[in-house]
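Residues per chain are reported as follows:
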Amino acid sequence: MMALAKADRIARVAVIGGGVAGLAAAAALVPRGARVEVFEARRRLGGRAASFLDPISGRLIDHGQHVSMGCCTGLADLCRRAGATECFARHRRLHFVTPEGRCCDFSAVGWLPAPLHLVPGVLRLRFLRMSDRWRLLGTMRELARTGSRGVDSRETIGPWLRRRQRDQAIERFWSPVLISALGESLDRASVAAAAQVVREGFLASRRAHELAIPTVALAELFDQRLGAWLEGQGAVLRRGVRVARVEGDARRVAALVLADGTRRAFDAVVVAVPWWGIQRLLPAPMLAALPGVADAARLEPSPITAIHLWFDRPVWRLPHAVLLDGLGQWLFSPPDRARPDEHYAQVVISASRWLVGRDHDEVIGQVVRQISNLSGSGQTVHGSRPATLLRSRMVTERRAVFSVHPGVDALRPPQETALENLVLAGDWTATGWPATMEGAVRSGYRAAEAILRRPGLGGVS
Ligand SMILES: Cc1cc2nc3c(=O)[nH]c(=O)nc-3n(C[C@H](O)[C@H](O)[C@H](O)COP(=O)(O)OP(=O)(O)OC[C@H]3O[C@@H](n4cnc5c(N)ncnc54)[C@H](O)[C@@H]3O)c2cc1C
């Protein structure tokens, strides 16, 4: 957690948007004595980290399975504060599965310091040729060193990799790792964004690459657990209350006008809505003073598709799997998300813009065939009698994340603004991270820090 200045008086702070960024801002502000009110348009907190209630099982199912990593220290800090650390389970091994169902684990060794800790794991990736494994190590090191310096800032990671690795290494290692981490295809994602993943997510420390998978539905984590903790700290959470507009001028916010016409005044405001929703919230003079907001409106969305599958028996022993060479990229089988007579699995396809408009039954059929073909691997549990699909649902979130195309960082404004009492938060603001829960938490913490630095609000006067 970043060090926050101590508030010298009780400031009334409004947070517009109860997504992860808004909740993180609130979590950082309440212990500093701020009186925080969170306005969230939807009935549940959590924003895009959302769940729906499956009417058949009565269970909460995540719209899209979310995964964190060992390097996501901000999110881990937020969960620790709320006493919700056990809402994530750490997985030291990443399970890569070939189309024939052969499973190959990728893990670090504890006896080598970072960044050498991954060398034995990479050399054991049996689904790649040995020469590709060695080259992978060199490419990782080169990419981590690359950053934004010394590369053509307009170059995407696909061509950069193709100059260094054979197709198989790109398709079987780089694609699943980078597309899921960045939510973008290799031909659209920047070299800089890929370098950040390798630096932070693989090489920074011995446990950076570990997966942290939620053990509960996202709504339980963010709406129920974090929400209850915030209320316990004195925050007021207004679910289902949309802020219709912000009133004020180029200097400061005067008031918020809620959808029912109520006018409310606050000392400071954290605007934590998505990049596509902020412009219509702010008056023209305020927007003129916030050129970064107009820039952010040019961020391009990138979709993620989740395929929800309910079978008559368990289909997979492992909690997660990276599926190689197929349509479905990741398979998750979270427990307790189905009736006792059903077994739930979710297949995730990131950067899925090419699936938009495709026939759902056809896509689901293809994914189910992909999973069925994995049988016989020893990892599937349906053995000789394959599991029968009972029901399914395909959901594509068209604006799941913003595209990390080359030059994207120039469109991401900092949390601090030219206005006296308005700060920004959201995964789309400048954090150096792609659109993730971690980026959202970091933005919320920085927004809180910016408020507490303001004279009269946080003590630095
Ligand atoms: C399918 C899918 C899969 C994903 N997978 C992962 C993953 O595996 N790992 C990961 O880290 N990230 C993942 N993400 C990305 C992650 O969910 C987001 O980066 C993060 O949740 C963004 O949080 P946020 O608070 O910045 O924005 P949002 O979640 O968009 O929150 C903004 C909130 O503001 C509210 N709001 C908007 N306008 C108003 C208004 N006028 N008044 C009041 N409230 C308003 C919205 O209702 C919303 O709740 C995924 C996203 C999706 C959709």
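Throughout this document, residue positions are counted from 1 along each chain, in the order its sequence is written. Totals for whole chains, interfaces and linings use every residue, but because this is a predicted model, local features are given only for residues with pLDDT of at least 70 and side-chain atom pairs only at 80 or more, for both listing and counting.

Let us now look at the environment of Pro455. A run of DSSP states H or I qualifies as a helix once it reaches four residues; a run of E qualifies as a strand once it reaches two. Both are numbered from the N-terminal end. For Pro455, the position within the fold is in the segment after helix H12 (437–453). For the exposure call, what matters is how many other C-beta atoms sit within 10 Å of a residue's own: 20 or more marks it buried, 12 or fewer exposed, and in between partly exposed, using C-beta atoms placed from the backbone. Note on Pro455: 10 C-beta atoms within 10 Å, which makes it exposed. Along the backbone, Pro455 and Asn421 are 34 residues apart, and their C-alpha atoms lie at a distance of 9.9 Å.

The criterion for strand pairing is that DSSP finds at least two bridges linking the strands in question. One open sheet holds the seven strands; their spatial order is E8-E7-E16-E17-E18-E15-E19, and the pairing between them is mixed. With one partner strand each, in any of the chains shown, strand E8 (103–106) and strand E19 (389–402) form the two edges of the open sheet. Put simply, the sheet's adjacent strands are angled 25 degrees from each other on average, direction ignored. Helix axes are fitted to C-alpha atoms over the stretch in contact, other axes to C-alpha atoms as well, and angles between N-to-C directions run from 0 to 180 degrees.

Membership of the largest hydrophobic core comes to 145 residues, with the highest contact counts inside it found for Val15, Ala24, Ala25, Ala26, Leu178, Val270 and Ile451. Each residue is represented by a C-beta atom placed from its backbone, and any two residues with such atoms within 7 Å are regarded as in contact. What Ala26 contacts, discounting residues up to four positions off in sequence, is Val15, Val36, Val38, Leu230 and Ala235. We call a set of buried Ala, Val, Leu, Ile, Met, Phe, Trp, Tyr and Cys residues a nonpolar core when their C-beta atoms link them within 7 Å.

The next subject is the packing of helix H1 (residues 20–29) against helix H8 (residues 218–232). Closest axis-to-axis distance for the H1/H8 pair is 10 Å, and the angle between their directions is 20 degrees. Regarding the angle of H1 to H8, the classification is roughly parallel. Considering how the two elements wind past one another, H1 and H8 form a crossing that is left-handed. Contacts between H1 and H8 involve Val20, Leu23, Ala26 and Ala27 from the former and Phe222, Leu226 and Leu230 from the latter. These descriptions rest on fixed angle ranges, namely under 35 degrees for roughly parallel, over 145 for roughly antiparallel, 65 to 115 for roughly perpendicular, and the rest for oblique. Crossing handedness is read from the near helix: turned anticlockwise from the far helix by less than a right angle, it gives a left-handed crossing, and turned clockwise, a right-handed one.

Attention now goes to unusual backbone geometry. Cis geometry is adopted by the peptide bond preceding Pro115, which originates at Ala114 and carries an omega value of 5 degrees. Inspection of the secondary structure puts Pro115 in the loop between E8 and helix H3 (119–123). Here the phi dihedral of Asp336 falls at roughly 60 degrees; this positive angle occurs in a residue that is not glycine. With respect to the helices and strands, Asp336 occurs in the loop between strand E17 (330–332) and strand E18 (343–350). With a phi angle near 50 degrees, Ala351 is a residue other than glycine that sits in the positive phi range. With respect to the element layout, Ala351 can be found in the loop between E18 and helix H11 (360–372).

What follows concerns the site of the ligand. Neighbouring the ligand are 38 residues, the closest being Gly17, Gly19, Gly47, Gly64 and Thr436. Elements with a contribution of two residues or more to the shell around the ligand: H1, strand E2 (35–40), strand E15 (301–311), E19 and H12. Three classes are used, and their members are as follows: Ala, Val, Leu, Ile, Met, Phe, Trp, Tyr, Cys and Pro are nonpolar, Asp, Glu, Lys and Arg are charged, and the others, Gly among them, are polar. Split by residue class, the shell around the ligand holds 19 nonpolar, twelve polar and seven charged. Domain delimitation in this document rests on an assignment produced automatically or drawn from a domain database. Looking at which domains feed residues into the shell around the ligand, each of domain 1 (12–41 + 240–298 + 410–453) and domain 3 (301–402) gives three or more. Note on definitions: a residue is near a molecule or strand provided its C-beta atom, placed from the backbone, lies within 6 Å of it.

Time to look at the confidence of the model for the chain. Summary of the metric used: pLDDT quantifies the predictor's per-residue confidence within the range 0 to 100. Averaged over the chain, the pLDDT score is 93; the fraction of residues at 70 or greater is 94%. Taken as a whole, residues 1–7 scores under 50 in pLDDT and shows 22 contacts with residues more than four places along the chain or in a different chain.

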